[in-house]
Amino acid sequence: MAKSVEAASRVDGKVIQEYVIPAKEYYGLRMARGQTLRIIEIEGQQVMDNVFINADNHTEQLSVIWSKSINGTWKLTKGHMLYSTQCKPMVEIVEDTVGMNYGGGSYCTQWSNHFRYGDPYPRNCHDNLTNALAQFGVDREQVTESSEFCNFMNVGYDPDGTCEIRVPISEPGDYIDFKAHMDLLVGMSCCPQEKNPCNNFKAKPLKFVLFE
Ligand SMILES: [Zn+2]
């Protein structure tokens, strides 16, 4: 069957919540252990930055550093468990129709925009994620670079050492599923970046479906 947003929205389970996050916007939610969060490409080539935090202990967060180290790969995709800063199983990637994500940590910030483009003012993922998680009492300092997993982001690692952001290969109807292995707070940012190939120079909406 051809990929489509409609097909991707038909989940195998009971839908708890579904929503289209507008371009450049954000959303935060609480996700119970055992539930699955699906992130769906609507137009394709749009990155979502996700932060995962233990709902009962905000100092325990996703660690993309430990997740890569324990799995022995930088190419985190279907079948990989993502681990917390305490090396506990946190969230599992149970489906991934693209197979290209960035687990290097970091998101766009006012400082990275200023450093790269001389302009701190465009919207950025750091502000989005901070705003998404504020409702749960998570403060700005607790939203850290290594707690963030970058869905659909295409960063090339070449044998000569080159590491650079490239245009995503994701298409409309592609999706990735995260199954929670503990109660989680999830921050989601439709990355607003339009000054590099990260979103192919245009910010676009994304859909999520939370189900069990
Ligand atoms: Zn961003």
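Preceding this section is the structure that the text describes.
Throughout what follows, the structure given in this document is the object of discussion. (Residues numbered from 1 in each chain as written. Predicted model: local features only at pLDDT ≥ 70, side-chain atom pairs only at ≥ 80, totals over all residues.)

1. Points about the overall build of the protein chain
- Counting its regular elements, the protein chain contains four helices and twelve strands.
- Taken across its 212 residues, the protein chain has 42% of its residues classed as buried.
- For the protein chain, contacts bridging at least 24 residues in sequence account for 75% of all contacts bridging at least 6. (Helix = DSSP H or I, 4+ residues; strand = E, 2+ residues; numbered from the N terminus. Buried ≥ 20, exposed ≤ 12 C-beta atoms within 10 Å, placed from the backbone. Contact = placed C-beta atoms within 7 Å.)

2. Regarding the pairing of strand β6 (residues 89-96)
- One ladder, built from three bridges, connects strand β5 (residues 81-83) with β6; its direction is antiparallel. The residue of β6 that forms the bridge with M81 is E92.
- Joining the antiparallel neighbours β5 and β6 is a turn of five residues, in which C87 adopts a positive phi near 60°.
- Two strands pair when backbone bridges link them, and β6 and strand β10 (residues 175-180) are joined in this way by five bridges, in the antiparallel orientation. Across the sheet, residue E92 finds its bridge partner in β10, namely K179. (Pairing = 2+ DSSP bridges.)

3. Overview of the environment of T36
- One can find T36 in strand β3 (residues 36-41).
- With 142 residues separating them along the chain, T36 and F178 place their C-alpha atoms 5.4 Å apart.
- For T36, the residues in contact, after removing those within four places along its chain, are G13, V94, D177, F178, K179, F211 and E212.

4. With respect to unusual backbone geometry
- Phi is positive for N200, which is not a glycine, with a value near 50°.
- Here N200 lies in the loop between β11 (184-190) and β12 (206-211).
- The phi torsion at F201 lies on the positive side, around 70°, for a residue other than glycine.
- Tracing the backbone shows F201 in the loop between β11 and β12.
- With 12 C-beta atoms counted inside 10 Å, the residue F201 sits in the exposed group.

5. A closer look at the sheet that holds strand β2 (residues 26-31)
- If you trace the four strands from one edge of the open sheet to the other, you get β2-β11-β4-β7, paired in antiparallel fashion. Looking at strand neighbours, the two that pair on one side only are β2 and β7 (148-151), the edges of this open sheet. Each neighbouring strand pair of the sheet contributes to a mean axis angle of 20°, computed without reference to strand direction.
- For strand β4 (residues 48-54) and β7, the ladder comprises four bridges, and the chain directions are antiparallel. Across the sheet, D49 pairs through a bridge with C150, a residue of β7. (Axes fitted to C-alpha atoms, helices over the stretch in contact; angles between N-to-C directions.)

6. Observations concerning the pairing of strand β9 (residues 163-166)
- As judged from the four bridges shared by strand β8 (residues 154-157) and β9, these two strands associate in the antiparallel manner. Bridged to N154 within β9 is R166.
- What sits between the antiparallel neighbours β8 and β9 is a turn of five residues, in which G161 has the positive phi angle 100°.

7. Looking at the sheet that holds β5
- Read across the sheet, six strands follow the order β1-β12-β3-β10-β6-β5 without closing on themselves; strand pairing throughout is antiparallel. In this open sheet, the two edge strands, each paired with only one partner strand, are β1 (15-21) and β5. Between one strand axis and the next, the sheet turns through 20° on average, direction left out of account.

8. Some words on helix α4 (residues 125-134)
- The element α4 is extensively covered by neighbouring structure, given that seven of its ten residues are classed as buried.
- Residues C125, H126, N128, L129, T130, A132 and L133 constitute the buried set of α4.
- Tucked into the core, α4 has its buried residues touching β2, β4, α3 (110-117) and β11.

9. Brief notes about the environment of E41
- Among the secondary structure elements, E41 is positioned in strand β3.
- Residues E41 and S170 lie 129 residues apart in sequence; the distance between their C-alpha atoms is 7.3 Å.
- For E41, the residues in contact, after removing those within four places along its chain, are Q46, F152, S170, E171, P172, G173, D174, Y175 and L206.

By themselves, these figures tell us nothing about what the structure is for.
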